[in-house]
Structure formats: C-alpha cells, structure tokens
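Chain by chain, the residues:
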Amino acid sequence: GAGVSQTPSNKVTEKGKYVELRCDPISGHTALYWYRQSLGQGPEFLIYFQGTGAADDSGLPNDRFFAVRPEGSVSTLKIQRTERGDSAVYLCASSLGGLSTGELFFGEGSRLTVL
Amino acid sequence: DQQVKQNSPSLSVQEGRISILNCDYTNSMFDYFLWYKKYPAEGPTFLISISSIKDKNEDGRFTVFLNKSAKHLSLHIVPSQPGDSAVYFCAASFKNTNAGKSTFGDGTTLTVKP
C-alpha cells in the first residue's frame with residue numbers, strides 16, 4: 001500500500017490478556033518506530049528498528065512490552081498481561097532511515113482499550 | 001520533566017486570518033524541530049520542519065520561526081482555512097541516525113471558523 005498500515009484499528013481486551021498489534025510500513029522504508037499516544041497527550045516514543053534489529057528500545061515502559069521485526073518489514077508490538085493503564089492509541093511510523101531530519105510517516109494507529 | 005511544551009491547548013481563528021501556534025523546549029541540544037498535523041481518527045502528518053541552525057523555514061502558507069535564545073518556536077499559517085482545523089503537534093529530535101526519535105508536545109487544537 002501507499003501508506004503505513006496498522007491492524008487492528010481497534011482492540012478491546014480484558015486486563016491480564018495478551019495483545020499483538022501489527023504494522024506494515026511504507027515499502028522501502030528501513031526505519032520503523034512505535035509510539036504510544038494517551039488521551040490529551042502527544043505521541044511518546046517506544047522503540048525504533050533499523051532493519052531487523054531494535055536499535056533503540058529505551059521507550060518501552062517495562063518488560064511486558066516487546067516488539068519484533070523479523071524480516072525488516074512488518075513489525076509486531078506485543079503486550080503481555082495487559083493493564084488498564086496500557087489503554088492508548090499505538091502509532092507506528094516509518095522513514096527512509098539513515099541521516100534525516102526526522103520526518104516520520106505515521107499510520108492511523110491501533111486503539112487499545114483494556115477493560 | 002516535559003522537554004517540549006505547547007502551553008495553549010486550543011486556538012480559535014477566523015478564516016483568512018493568521019494562526020500562530022507556539023512551542024517551547026528546554027533542551028538546547030535539539031537539532032531539528034518539526035510540526036505535525038493530526039485529524040481525528042488519523043495518524044499525525046508531517047507539515048514542516050526546521051534545523052536548529054536556521055531561524056525561519058517557509059513552505060507555502062506555513063512558516064516556522066525558531067528563536068534559539070528563547071528556546072521557542074512558532075508555526076504561522078497565513079491565510080488560515082477551515083481545512084486547517086486539526087491538532088498540531090510540535091516535536092524535536094537530535095541529529096543522528098535515529099532522528100525519528102522525536103519528543104512531542106501535547107498538541108494545540110486549532111479551529112478555523114468560516
């Protein structure tokens with residue numbers, strides 16, 4: 001597709017359950033980012049992939065959060081033992097990577113609601 | 001400690017007039033500043049950026065001004081149009097291979113009235 005694609009667009013789950021959120025970046029973009037946006041706040045950095053490897057995971061809030069990008073394209077954000085505080089919109093973004101001015105191309109986000 | 005702040009949660013402007021959105025930051029080492037625009041139920045869309053070595057960047061109706069001594073930047077939209085109504089996020093990043101790791105403000109909701 002032409003843009004960053006994220007699935008599901010909405011996910012409602014119960015506290016304690018496991019959740020996977022998927023991101024398909026723009027073709028040819030080597031850099032992939034996950035951000036989280038809580039209500040009334042700006043996006044908050046979670047993790048950055050350059051190719052297949054997680055180059056910077058300093059934004060992951062705790063070890064319940066994990067992300068993979070096994071073939072350097074599609075990425076999955078995995079959240080274990082979900083908590084109500086995990087409710088947010090999870091945004092994926094991609095870019096050409098390398099030295100750049102930081103411009104990101106965002107997907108529409110996956111809205112996660114933990115009951 | 002919020003490094004990028006947008007102190008005005010909302011702004012209302014008449015169509016055809018100028019919209020000025022403000023952003024303050026605390027870290028003088030930021031290399032790039034970016035503005036994103038977000039419509040409801042969509043992801044943020046890049047609008048315009050400026051390098052820390054410049055004080056102005058213009059793209060059509062959009063101009064960003066950077067005042068490094070005051071650690072302040074602003075986005076000017078002239079003339080404002082109803083389609084500009086959206087949430088605007090200011091963001092800042094460092095110059096390295098991870099320039100996409102941005103720190104965002106909490107956004108300003110702009111409403112342009114016809």
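For clarity, every value in this text was computed on a predicted model and none was experimentally measured.

J.: So what about the packing of aromatic side chains? Which residues, and what values?
T.: Enumeration according to the criterion identifies 14 aromatic pairs over all chains in this entry. On the basis of an interplanar angle of 85° and a centroid distance of 5.6 Å, the ring pair of phenylalanine 106 of chain A and tyrosine 36 of chain B is categorised as edge-to-face. Of this pair, phenylalanine 106 of chain A sits in strand E10 (residues 105-106) while tyrosine 36 of chain B sits in strand E4 (residues 32-38), each in a different chain. Tyrosine 36 of chain B carries the same exposure label as phenylalanine 106 of chain A, and that label is buried. A ring pair is formed by tyrosine 36 of chain B and phenylalanine 46 of chain B, whose centres lie 5.9 Å apart and whose planes are at 75°; its orientation type is edge-to-face. With tyrosine 36 of chain B in strand E4 and phenylalanine 46 of chain B in strand E5 (residues 45-51), the pair connects residues that are 10 residues apart, well separated along the chain. The class for phenylalanine 46 of chain B is partly exposed, based on a relative accessible area of 22%.

J.: An account of the layout of surface pockets is needed here, citing residue identities and associated values.
T.: The computed volume of the largest pocket comes to approximately 590 Å³. Lining the largest pocket are 28 residues, and of these Gln37, Val89 and Arg111 of chain A together with Lys38 and Ala41 of chain B lie nearest its centre. Tallied by class, the residues present in the lining of the largest pocket amount to 11 nonpolar, 12 polar and 5 charged. What lines the second largest pocket is a set of 17 residues, among which Pro43 and Glu44 of chain A together with Ser102, Thr103 and Phe104 of chain B lie closest to the centre. Those elements that place two or more of their residues in the lining of the second largest pocket are strand E5 (44-50) of chain A together with strand E10 (103-104) of chain B. Residue classes in the lining of the second largest pocket are distributed as 4 nonpolar, 8 polar and 5 charged.

J.: I'd like a rundown of the environment of tryptophan 34 of chain A, residues and numbers included.
T.: In this fold, tryptophan 34 of chain A is placed in strand E4 (residues 31-37). Along the primary structure tryptophan 34 of chain A and valine 4 of chain A are separated by 30 residues, whereas in three dimensions their C-alpha atoms are 12 Å apart.

J.: Describe the side chain of serine 74 of chain B, and please don't skip the residues or the numbers.
T.: Residue and element names in this part refer to chain B. Mapped onto the fold, serine 74 is located in strand E8 (residues 72-77). Judged by its relative accessible area of 7%, serine 74 is buried. A distance of 3.3 Å separates polar atoms of two side chains, one belonging to serine 74 and the other to histidine 76. If sequence neighbours within four positions are ignored, serine 74 has contacts with Ile20, Leu21, Asn22, Trp35, Thr63, Val64 and Phe65.

J.: So what's going on with a nonpolar patch on the surface? Residues and values would help.
T.: All names here are of chain B. Side chains of Ile18, Ile20 and Val78 sit close together on the surface and give an oily, nonpolar patch of about 220 Å² of accessible area. For isoleucine 18, the position within the fold is in the loop between strand E2 (10-14) and strand E3 (19-25). Judged by relative accessible area, which is 40%, isoleucine 18 ranks as partly exposed.

J.: An account of the side chain of serine 80 of chain B is needed here, citing residue identities and associated values.
T.: All names here are of chain B. Turning to its location among the elements, serine 80 is positioned in the loop between E8 and strand E9 (86-93). Classification of serine 80 as buried rests on a relative accessible area of 1%. At a separation of 2.8 Å, a polar atom in the side chain of serine 80 contacts the main-chain carbonyl oxygen of arginine 17. For serine 80, the side chain forms a polar contact with the side chain of serine 19, separated by 2.6 Å.

J.: Would you mind going over the interface of chain B and chain A in detail, with residue names and values included?
T.: Between chain B and chain A, the residue contacts involve 22 residues of the former and 22 residues of the latter. In total, chain B and chain A occlude about 1,800 Å² of area from one another, counting both sides; carbon and sulfur atoms represent 55% of this. For the pair chain B and chain A, the number of links is 1 salt bridge. Between lysine 101 of chain B and aspartate 56 of chain A there is a salt bridge, with the nearest N and O atoms lying 3.0 Å from each other. Remark: the boundary between chain B and chain A carries 5 residue pairs in polar contact (both at pLDDT 80 or more). Broken down by secondary-structure element, the contributors of at least two residues to the side of chain B that touches chain A are E4, E5 and E9 of chain B. Tallying contributions element by element places E4 of chain B first for the side of chain B that touches chain A, with 4 residues. Considered class by class, the residues forming the side of chain B that touches chain A number 9 nonpolar, 9 polar and 4 charged.

Definitions and limits used
- Throughout, a residue's number is its position along its own chain's written sequence, starting from 1.
- Naming scheme: in the order in which they are written, chains are lettered from A and ligands are numbered from 1.
- pLDDT decides what is reported in this predicted model: residues at 70 or higher carry local features, side-chain atom pairs at 80 or more are listed and counted, and totals for whole chains, interfaces and linings draw on all residues regardless.
- Note that the side-chain values use all heavy atoms of the structure and ignore hydrogens as well as water.
- Ring geometry is summarised as follows: Phe, Tyr and Trp rings, the Trp one being its six-membered ring, pair when their centres sit within 6.5 Å, and such pairs are stacked at plane angles under 30 degrees, edge-to-face over 60 and tilted between the two.
- Only DSSP runs of H or I covering at least 4 residues are called helices, and only runs of E covering at least 2 are called strands; the numbering of each starts at the N terminus.
- When a residue's accessible area, from a 1.4 Å probe over protein chains only, is under 20% of the maximum for its type it is buried; when over 50% it is exposed; and in between it is partly exposed.
- Definitions used for this entry: grid spacing 1 Å over protein atoms alone; cavity, a set of points where a 1.4 Å probe fits but cannot get out; pocket, an open set with protein on both sides within 12 Å along at least 5 of 7 lines; lining residue, one with an atom within 4 Å of a point.
- Grid points are joined across faces, edges and corners, and a volume is the space filled by probe spheres set on the points.
- Ten residue types, Ala, Val, Leu, Ile, Met, Phe, Trp, Tyr, Cys and Pro, are classed as nonpolar, four, Asp, Glu, Lys and Arg, as charged, and the remainder, Gly among them, as polar.
- Residues adjacent in sequence count toward polar contacts only when both atoms are side-chain atoms; beyond that, a polar contact is any pair of N or O atoms within 3.5 Å, and within protein one must be able to donate a hydrogen and the other to accept it.
- Residue contacts follow a heavy-atom distance rule, with two residues in contact if any of their heavy atoms lie within 4.5 Å.
- Like charges within 9 Å and nonpolar side chains (Val, Leu, Ile, Met, Phe, Trp, Tyr) within 5 Å are joined into patches, using only residues over 30% in relative accessible area that form no salt bridge.
- Here, Shrake-Rupley sampling with a 1.4 Å probe gives the accessible areas, and only protein chains in the shown set may cover a residue.
- A pair is scored as a salt bridge if a Lys or Arg side-chain nitrogen falls within 4 Å of a carboxyl oxygen belonging to Asp or Glu.
- Buried area counts how much accessible surface, traced with a 1.4 Å probe, disappears from two parts once they are put together, with both parts' losses summed.

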